[in-house]
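One letter stands for each residue in the lines below.
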Amino acid sequence: MRATAALVLVLLLAGCARFAPGADGSPTPEPSQGAPDLSGAWLLISGVGPEGRFEWPDTYRITIRFDGSEVGGQACNLYGGQFQLGDDGAISISQMSMTEMACEEPMMLAEAAYHAALMAVTRVTRVGDELTLSGGGAELVYELLPPVPDAALQDTEWALESLIQGEAVSSVQGEPWLKLNADGTLSGSTGCREFDGEYAVVGDQVVTTTLRTTDQACTADLADQDGFVLEVVGDGFTVAIDGDRLTLGKPDGSGLDYRATSG
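Quick summary incoming for the structure in this document. Along each chain, residues carry numbers from 1 onward, in the same order as the chain's sequence is written. In keeping with the predicted nature of the model, local features appear solely for residues at pLDDT of at least 70, side-chain atom pairs appear and are counted solely at 80 or more, and the whole-chain, interface and lining totals rest on all residues. Side-chain metrics rest on all non-hydrogen atoms present in the structure, leaving aside hydrogens and water.

## Let's talk about the pattern of salt bridges
Right, on to step 1. Basic side-chain nitrogens of Lys or Arg form a salt bridge, by our definition, when they fall within 4 Å of a carboxyl oxygen of Asp or Glu. Summed over the entire model, instances satisfying the criterion amount to ten salt bridges.
Right, on to step 2. In this structure, Arg126 engages Asp37 in a salt bridge whose closest nitrogen and oxygen atoms are separated by 3.9 Å. Taken together, the positions of Arg126 in strand β9 (residues 123-127) and Asp37 in the loop between β2 (27-29) and β3 (41-49) put the pair 89 residues apart, joining distant regions of the chain.
Right, on to step 3. Where Asp235 meets Lys250, a salt bridge forms, and the shortest distance between an N and an O atom there is 3.7 Å. Placement of the pair is Asp235 in helix α3 (residues 220-235) and Lys250 in the loop between β19 (245-249) and β20 (255-262), with a sequence separation of 15 residues.
Right, on to step 4. Residue burial is assigned from relative accessible area. The probe radius is 1.4 Å, only protein chains are included, and a residue is buried under 20% of its type maximum, exposed over 50%, and partly exposed in between. Judged by relative accessible area, which is 13%, Lys250 ranks as buried.
Right, on to step 5. Among the charged side chains, a network of salt bridges with common partners joins Glu161, Asp244, Arg245, Asp257 and Arg259. Each helix is a run of DSSP H or I of at least 4 residues and each strand a run of E of at least 2, with the numbering of both proceeding from the N terminus.

## With respect to the state of the cysteines
Right, on to step 1. Whenever a pair of cysteine sulfur atoms sits within 2.5 Å, that pair is classed as a disulfide. Under the criterion given, the structure shown has one disulfide.
Right, on to step 2. The side chain of Cys192 participates in a disulfide bridge whose partner is Cys218; the two sulfur atoms lie 2.0 Å from each other. For the disulfide bridge between Cys192 and Cys218, the dihedral angle about the S-S bond is near -105 degrees, and by the sign convention the bridge is left-handed. One end of the pair, Cys192, is in the loop between β15 (185-189) and β16 (194-202); the other, Cys218, is in the loop between β17 (205-213) and α3, with 26 residues separating them in the sequence.
Right, on to step 3. On the accessibility criterion, Cys192 (16% relative accessible area) is buried.
Right, on to step 4. Judged by relative accessible area, which is 23%, Cys218 ranks as partly exposed.

## Concerning the environment of Gln84
Right, on to step 1. If you trace the backbone, Gln84 turns up in strand β7 (residues 78-85).
Right, on to step 2. On the basis of relative accessibility, which here comes to 59%, the residue Gln84 falls in the exposed class.
Right, on to step 3. Sequence separation between Gln84 and Ser94 is ten residues; the distance between their C-alpha atoms is 8.7 Å.
Right, on to step 4. Throughout, a residue-residue contact means that at least one pair of heavy atoms, one from each residue, lies within 4.5 Å. Those residues within four positions of Gln84 in sequence are excluded, and the remaining contacts are Ala90, Ile91 and Ser92.

## Quick notes on the side chain of Arg61
Right, on to step 1. Residue position: Arg61 is located in the loop between β4 (52-54) and β5 (63-67).
Right, on to step 2. Judged by its relative accessible area of 17%, Arg61 falls in the buried class.
Right, on to step 3. Within 3.5 Å is the distance limit for a polar contact, defined as a pair of N or O atoms, with the added protein rule that one can donate a hydrogen and the other accept it, and that residues adjacent in sequence qualify only through two side-chain atoms. A distance of 3.3 Å separates polar atoms of two side chains, one belonging to Arg61 and the other to Gln205.
Right, on to step 4. If we skip the residues at most four places from it in the chain, Arg61 touches Leu43, Gln74, Ala75, Leu145, Asp204, Gln205, Thr238 and Pro251.

## So, the pairing of strand β6 (residues 70-74)
Right, on to step 1. Across the five residues that make up β6, a large majority, four, are buried.
Right, on to step 2. The rule for pairing is simple: two strands pair if DSSP sees at least two bridges between them. Sheet topology note: the β5/β6 ladder contains five bridges and is antiparallel. When the bridges of β6 are listed, Phe66 appears paired with Val71.
Right, on to step 3. The loop that links β5 with its antiparallel partner β6 comprises two residues; one of these, Gly68, has a positive phi angle of about 55 degrees.
Right, on to step 4. Counting the residues between successive antiparallel strands, the hairpin from β6 to β7 contains three residues.

As structure tokens, then:
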């Protein structure tokens, strides 16, 4: 399981910018109507840094979120820093720090290009559910992520029923379970070891900020299941709820399928 680290990611409530159609029918900002609303979590859909356009593997997501004077998100690593936003949409980002998890290339190169772009941008605009940070030879375009359905997700005990690994779906051994509490704590079992920790809801993703496990060794037939459950839960996951079923997903299509056992 890859290491995780705590990072506070919260929400900014700002005034809304208004837009009027340009001569070619495209949205064009009106004269200053206040700072754009940065509320919510945003997913990067295209990136240009000071050294040119950069791409990243489909198995990774690059996100950003704003709160007060703080900005944070995730590329390979969780990151955080400070930002200043002007009424005219001027923005500056500084004091950036991040966790130190290593990722496979070319993600590390993409992450470096992304952070260089963040430090270069000078303006932010929003058109509907699209947010653009630009300036200094950089342009980062994001789309708004839908929120996690907190009420259905939290304070329910979920029993793990299957492991999703590529196109293969396999049954589980033991009695693995998961519970995410409204106070931001989580607990569960892999079927071998119990675990607990803390999490934060970031747009459509749950980010596990700390994760602790008990120390007992797993038998050979449970070791792979134990490692896979901790990888999905520990690395952060998207959430899909359909009735009494909960699916935790990763960008590569793998995940965990649970069923509610209590409300």
